[in-house]
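Geometric and topological summary
The lines below spell out each chain.
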Amino acid sequence: MRIGRWIATVVVLLCAGVAAVYFTVESRTLPSHPDAIATRDITCEAPNVLGAITTDPVREIPGIPPAPEAGAVPEDFTPVRVVTCSESAEVEGNDPLSRRVDETVRDGDLSEIMAALSQPSRPKSPFSWSDCNFSLGRQPVVWLVDAQGNGIRPAIPSDRSCGMPSAAPLAAIYDLPVVDHSTYTVQAY
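Numbers given to residues run from 1 along each chain, matching the order in which its sequence is written. Only residues with pLDDT of at least 70 get local features here, since the model is predicted, and only at 80 or more are side-chain atom pairs given and counted; chain-wide, interface and lining totals rely on the full set of residues. Just so you know, side-chain values use all the structure's heavy atoms and leave hydrogens and water out.

**Focus: the overall build of the protein**
Helix and strand content of the protein: four helices and five strands. Each helix is a run of H or I in the DSSP string that is no shorter than four residues. Each strand is a run of E no shorter than two, and both are numbered from the N terminus. Listed N to C, the secondary structure of the protein is α-α-β-β-α-β-β-α-β in terms of helices and strands. Each residue is placed in one exposure class: buried if its accessible area under a 1.4 Å probe, protein chains only, is under 20% of its type's maximum, exposed if it is over 50%, and partly exposed if it falls in between. In the protein, buried positions account for 35% of the 189 residues. In these tables, accessible area is a Shrake-Rupley quantity obtained with a 1.4 Å probe, and a residue counts as shielded only by the protein chains included in the view. By element, 58% of the accessible surface of the protein is carried by carbon and sulfur atoms, the whole surface being about 11,500 Å².

Here you go:
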């Protein structure tokens, strides 16, 4: 009888320990980013923006400085529109070194975007059964712009399944109406 009770106690303690480890690992978050730095130079042609969105290295455009790095949305920053920068699927003529960059401006109610951006980043779960070997392609670079024309690049939180950028902020952005669209041609090496 004592052996049965001892075995039951060990099993209960073992299950409790496994559950505690599971919940501890699954509730981890990454440290938040420092606040993003605002700029008036909101562009898709900055060298670090082009490097993030194009599949091939492209030539820098003279006179355009690098954009500030992405970071947390400062508490006193109130965006009124969103600008996304992405590589266009369209091909520019017959020039194999030409790349097209799309700059899309959207506005409307940004509350869903702000809620999605305020979520903590979560590292990839060791318990994830997701196939993380596939590529989703390059994520667009996002700018949030306030009423005074200042822009920041918000950090997109990572999700639990593969540690990749969360789809929620981009889905909320793509739900907003497009108010302006421009396409630029850049040259690859």
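**Considering the environment of Arg59**
Within the secondary structure layout, Arg59 lies in the loop between helix 2 (47–53) and strand 1 (79–87). Residues Arg59 and Pro47, spaced twelve residues apart in sequence, show a C-alpha to C-alpha distance of 8.1 Å. We call two residues in contact whenever any of their non-hydrogen atoms come within 4.5 Å of each other. The contact partners of Arg59, leaving out residues within four places of it in the chain, are Leu50, Gln187, Ala188 and Tyr189.

**A closer look at the nonpolar core**
To form a nonpolar core, buried Ala, Val, Leu, Ile, Met, Phe, Trp, Tyr and Cys residues must be joined to one another through side-chain atoms within 4.5 Å. The biggest cluster of nonpolar side chains holds 16 residues, and the ones touching the most others in it are Val49, Ile53, Cys85, Val101, Val141 and Trp143. Elements with a minimum of two residues in this core: helix 2, strand 1, strand 2 (98–107) and strand 3 (141–146). Residue contacts for Cys85: discarding those within four places in its chain leaves Thr43, Cys44, Val49, Ile53, Asp102, Pro140, Val141 and Trp143. Counting residues in hydrophobic clusters, the runner-up holds 13 residues, among them Ala36, Val82, Leu117 and Ile173.

**Considering the sheet that holds strand 5 (residues 178–187)**
Between any two strands, pairing holds if DSSP finds at least two bridges. Spatial ordering of the open sheet is given by 4-3-1-2-5, a layout of five strands whose pairing is antiparallel. Strands at the two margins of the open sheet, each flanked by one partner only, are strand 4 (151–152) and strand 5. Where strand 3 lies against strand 4, two bridges are found, and the strand directions are antiparallel. Across the sheet, residue Val145 finds its bridge partner in strand 4, namely Gly151.

**Focus on helix 4 (residues 167–174)**
Considered for burial, the residues of helix 4 that qualify are Pro169, Leu170, Ala172 and Ile173. Down the axis of helix 4, the sector holding all buried residues measures 160 degrees, keeping them to one side. Packed against the buried residues of helix 4 are strand 1, strand 2, helix 3 (111–117) and strand 3. The residue sitting at the N-terminus of helix 4 and contributing the capping side-chain oxygen is Ser166; that oxygen lies 3.3 Å from the backbone nitrogen of Ala168. The directions considered for the arc run from the helix axis to the C-beta atoms. Any pair of nitrogen or oxygen atoms within 3.5 Å is treated as a polar contact; in protein, a donor-acceptor pairing is required on top of that, and neighbouring residues in sequence qualify only through side-chain atoms on both sides.

**Quick notes on the confidence of the model for the protein**
Per residue, pLDDT captures the predictor's confidence, and it can take any value from 0 to 100. Looking at the protein as a whole, its pLDDT mean stands at 84, while 79% of the residues score no less than 70. Within the protein, the element-level pLDDT minimum falls on helix 1 (residues 2–26), averaging 69, and the maximum on strand 4, averaging 98.

**Considerations on the state of the cysteines**
Cysteine sulfur atoms are paired as a disulfide whenever they fall within 2.5 Å. Taken as a whole and judged by the stated rule, the model has one disulfide. Note on cysteine connectivity: Cys44 is disulfide-linked to Cys85, with sulfurs 1.9 Å apart. Every disulfide takes its handedness from the sign of the S-S torsion; for Cys44 and Cys85 that torsion is -75 degrees, giving left-handed. Taken as a pair, Cys44 in the loop between helix 1 and helix 2 and Cys85 in strand 1 lie far apart in primary sequence, 41 residues in all. Judged by its relative accessible area of 0%, Cys44 is buried. Overall, Cys85 belongs to the buried group, its relative accessible area being 0%.

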